[in-house]
Amino acid sequence: MQIIQPHYHAIARTAQDYERMAMSGVAAVCEPAFWAGFDRRYPETFLDYFSQIADFEPTRAAQYGIRHYCWVAVNPKEAENPELTRDVLRAMPEFLEKPTCLGVGETGLHKSTRNEINSLQAHVELAMTHGQLVLIHTPHLSDKAHGTKTVLEVLAGLDIDRGRVWIDHVEEHTVKSVLDAGYWAGMTLYPVTKCTPRRAADILEKYGTERLLVNSSADWGPSDPFTLQECILEYRRRGHSLQEAVEVFHNNPCRFLGQNPKWDIAPIRIEAEECEPS
Amino acid sequence: MLTSRQVLDTYYLEARRDLLEIAALFDRYDAAVARDGEAAADESKLVLLRRALARLADPDPAPAPAGDRTSALLNLFAEI
């Protein structure tokens with residue numbers, strides 16, 4: 001089955017991930033800019049990082065026949081440094097022009113501080129000014145419900161096209177508010193700290209498949225890109241058809257990401273050929 | 001051996017994940033009952049899971065040997 005991995009931090013992973021993803025049907029991965037595990041001190045460090053995910057990483061993925069796209073942003077944790085955030089934002093338009101850059105992300109909230117909120121607003125405004133898609137991170141664990149509510153409040157005050165905004169890491173207690181407000185919602189599958197493959201399948205059954213994305217993120221922490229394939233297996237074993245799975249795990253990413261003309265992978269339809277009797 | 005604090009810090013998130021999986025199982029069952037219009041003919045597995053959770057929720061269980069909730073649950077699950 002053809003699969004899109006909409007949120008994947010390739011720079012933290014080995015080539016073996018690419019090889020195995022290719023063997024399991026992954027056609028494309030999308031890499032948002034994120035936290036490196038430590039706070040970077042210089043805007044230039046971000047710019048080199050953006051070059052890595054915009055220029056180098058596509059060449060690594062291409063060796064396995066996988067398309068690689070990226071997003072650029074200052075992540076919420078480092079948004080606590082307003083001066084650095086401002087300097088990086090000033091340089092970001094150059095990267096938004098890169099042929100594989102799909103938009104601004106992942107911006108969002110971590111502890112929902114004033115600096116984070118200011119950064120989120122500035123990122124979304126930059127994205128709208130440049131006609132870009134937006135990928136928004138919501139907080140982990142105990143901060144998630146409050147942080148998601150705050151993200152929605154911040155966005156409500158901005159002039160945006162909600163269909164071009166993807167709010168990620170939703171779980172059972174946050175997905176409805178995101179969908180009801182007209183945004184795309186992403187479920188991130190982690191072995192321990194976020195949604196699990198079974199719970200994601202439950203959410204798909206409860207809320208339907210419209211404007212829902214599933215990803216496994218996979219970064220330098222405890223994570224596994226193949227939780228996405230686990231979810232596909234769980235979804236299929238519950239009796240959902242191959243085409244229904246394709247709609248969720250391939251076509252929905254194509255529909256959202258295809259709003260950026262750089263994304264040229266089209267939704268697919270499975271059709272059976274008529275067999276003539278021999 | 002781990003200190004009491006280390007035990008909580010080490011295993012809290014995994015236990016949280018496992019409890020969420022159990023909660024999701026109960027939600028999944030209720031959704032299926034609502035969809036099908038009827039409960040499973042035999043709900044004994046569901047009843048056992050609820051009894052197990054009630055056993056775990058008791059901070060001062062008796063008469064099982066102190067701390068051995070695992071044996072108590074294994075004996076409980078042996079009923080079916």
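Just above sits the structure.
The rules behind these values
Residues numbered from 1 in each chain as written. Chains lettered and ligands numbered in written order. Predicted model: local features only at pLDDT ≥ 70, side-chain atom pairs only at ≥ 80, totals over all residues. Contact = placed C-beta atoms within 7 Å. Nonpolar A, V, L, I, M, F, W, Y, C, P; charged D, E, K, R; others polar. Helix = DSSP H or I, 4+ residues; strand = E, 2+ residues; numbered from the N terminus. Axes fitted to C-alpha atoms, helices over the stretch in contact; angles between N-to-C directions. Parallel < 35°, antiparallel > 145°, perpendicular 65-115°, else oblique. Left-handed = near helix turned anticlockwise from the far one by under 90°. Core = buried A, V, L, I, M, F, W, Y, C linked by C-beta atoms within 7 Å. Buried ≥ 20, exposed ≤ 12 C-beta atoms within 10 Å, placed from the backbone.

Visitor: How should I be thinking about the interface of chain B and chain A in this particular structure?
Guide: Often the size quoted for an interface is simply the accessible area lost on bringing the parts together. With nine residues of chain B at the interface, the matching set in chain A holds seven residues. Looking at the side of chain B that touches chain A residue by residue, the classes come out as four nonpolar, no polar and five charged.

Visitor: I would appreciate a short explanation of the environment of Gly221(A) in the present structure.
Guide: Within the secondary structure layout, Gly221(A) lies in the loop between strand 8 (212-215) and helix 8 (227-237). A sequence separation of 209 residues divides Gly221(A) from Ala12(A), and the C-alpha atoms of the two residues are 8.8 Å apart.

Visitor: Sorry, what's going on with the packing of helix 8 of chain A against helix 9 (residues 242-257) of chain A here?
Guide: Geometrically, a packed helix pair is captured by the angle between its two axes and the distance between the axes. All names here are of chain A. Across the interface, helix 8 lies against helix 9 with an axial gap of 10 Å and an inter-helix angle of 155°. Our classification of the angle between helix 8 and helix 9 gives roughly antiparallel. In the crossing of helix 8 with helix 9, the sense of the turn from one axis to the other is right-handed. Residue-level contacts link Ile232, Tyr235 and Arg236 of helix 8 to Ala245, Val248 and Phe249 of helix 9. Of the residues belonging to the contact of helix 8 with helix 9, the class tally is five nonpolar, no polar and one charged.

Visitor: Whenever I open this one, the nonpolar core confuses me. Can you help?
Guide: Across soluble globular proteins, nonpolar side chains have a tendency to be buried as a group. Within the largest apolar cluster, 77 residues are counted, with the highest numbers of intra-cluster contacts made by Trp71(A), Val72(A), Val134(A), Trp166(A), Ile167(A), Ala200(A) and Val214(A). In this structure Ala200(A) touches Met187(A), Leu189(A), Cys195(A), Val214(A) and Cys231(A), once residues within four positions along its chain are discounted.

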